[in-house]
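Fold and contact review
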Amino acid sequence: MIEVHHLKESRSRRITWLLEELGQPYTVISYDRDPATRLAPPELKAISPLGKAPVIRDGGRVLFESGAIIDYLVRRYGAGRLAPAIDSDDYDRYMQFLQYAEGSAMLPVMLKLYVGRLKEAGAPLHPRIESEIDNHIGFINDELGKRDYIAGDDFSAADVQLSFVVQLALQFYGKDKWPNVTAYVDRLESRPAYQKALAEHGA
Ligand SMILES: N[C@@H](CCC(=O)N[C@@H](CS)C(=O)NCC(=O)O)C(=O)O
């Protein structure tokens with residue numbers, strides 16, 4: 001059975017959610033963050049060379065990096081669900097957003113989180129971070145004005161991957177700044193599979 005190494009209150013919830021969407025049996029090994037540093041505990045290093053989540057073990061395979069894990073699970077267990085056909089134009093758009101979430105959109109949001117902890121010492125970086133967040137989340141908001149889901153009219157695994165960055169952005173800025181993103185997050189969070197994953201294994 002697939003083993004998911006899940007750090008609580010982290011982006012690894014996307015993997016338990018995806019497995020619920022796929023109806024694929026899995027077990028979860030859950031790790032608590034250090035209450036003071038918010039970092040992962042050292043035990044996670046036993047499976048993750050970087051000490052980060054998510055990681056999955058499936059038979060003899062151990063995989064880290066959420067985009068690669070999502071791609072693997074959809075290819076192996078999707079049976080045509082949650083991704084467009086690989087030879088379609090939609091697939092290229094799907095893969096673009098699967099990569100974009102962690103590869104580009106996450107960076108300014110993570111910088112806001114970390115640089116915010118520097119308080120006034122981080123002030124010189126604030127304008128660039130804010131303009132990049134406006135650039136990325138504004139772009140996602142515009143895209144979601146044209147379609148209900150990021151890769152097209154249908155929900156896909158690219159939405160699972162993009163969810164964490166937009167949820168984090170709404171935590172920082174509230175629900176009014178990007179209305180299409182807010183409606184999108186509401187759509188995603190109302191999915192039974194999302195709710196089941198979080199109820200059973202935590203955020
Ligand atoms: N790009 C990686 C990011 C992995 C990552 O940084 N995970 C965070 C959870 S949000 C983590 O494990 N942090 C704990 C730590 O750095 O100690 C992915 O998407 O899998």
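Along every chain, residues carry numbers that run from 1 in the direction the sequence is written. Reporting in this predicted model follows two pLDDT cut-offs: at least 70 for local features of residues, and 80 or more for side-chain atom pairs to be given and counted; totals over whole chains, interfaces and linings ignore these cut-offs and use all residues. To obtain the side-chain values, all non-hydrogen atoms of the structure were included, while hydrogens and water were left out.

**Points about the environment of H6**
- Looking at where H6 falls in the secondary structure, it is placed in strand 1 (residues 2-7).
- Ignoring sequence-local partners within four residues, the contact set of H6 consists of S12, R13, V28, I29, S30, Y31, A53, H201, G202 and A203. Secondary structure follows DSSP: runs of H or I at least 4 residues long count as helices, runs of E at least 2 residues long count as strands, and numbering of each begins at the N terminus. In this analysis, two residues are considered to be in contact whenever any of their non-hydrogen atoms come within 4.5 Å of each other.

**With respect to the nonpolar core**
- Note on terminology: a nonpolar core comprises buried Ala, Val, Leu, Ile, Met, Phe, Trp, Tyr and Cys residues joined through side-chain atoms within 4.5 Å. Exposure is judged per residue with a 1.4 Å probe applied to protein chains only, and the accessible area is read against the type maximum: over 50% gives exposed, under 20% gives buried, and values in between give partly exposed. With 54 residues, the main nonpolar core has L18, L73, I140 and V181 as its most contacted residues.
- At the level of secondary structure, the elements contributing two or more residues to this core comprise strand 1, helix 1 (13-22), helix 2 (66-77), helix 3 (89-116), helix 4 (126-144), helix 5 (157-173), helix 6 (179-189) and helix 7 (192-201).
- No other element matches helix 3, which puts eleven residues into this core.
- Those residues in contact with L18 that sit more than four places away from it in its chain are I70, L73, V74, L82, A157 and V160.
- Of all hydrophobic cores here, the second largest spans six residues; its members include L7, Y31, A53 and V55.

**Observations regarding helix 5**
- Expected span of a helix, by definition, is 1.5 Å for each gap between consecutive residues, and there is one gap fewer than residues. Over its 17 residues, helix 5 runs 25 Å from end to end, which matches the ideal 24 Å to within 8%, given 1.5 Å per residue.
- With 14 of its 17 residues buried, helix 5 lies for the most part within the structure.
- We call two N or O atoms a polar contact when they sit within 3.5 Å, provided that within protein one can donate a hydrogen and the other can accept it, with sequence-adjacent residues counted only if both atoms are side-chain atoms. With a side-chain oxygen positioned 3.1 Å from the backbone nitrogen of A158, the residue opening helix 5 is S156.
- With its phi angle positive at about 85°, G174 sits one or two positions after the end of helix 5.

**As for unusual backbone geometry**
- With an omega of 5°, the peptide bond between A53 and P54 qualifies as cis.
- Residue position: P54 is located in the loop between strand 2 (26-31) and strand 3 (55-58).
- At E65, a position not held by glycine, the phi torsion is positive, near 80°.
- Considering the arrangement of structural elements, one finds E65 in the loop between strand 4 (61-64) and helix 2.
- You can call E65 partly exposed: its relative accessible area is 40%.

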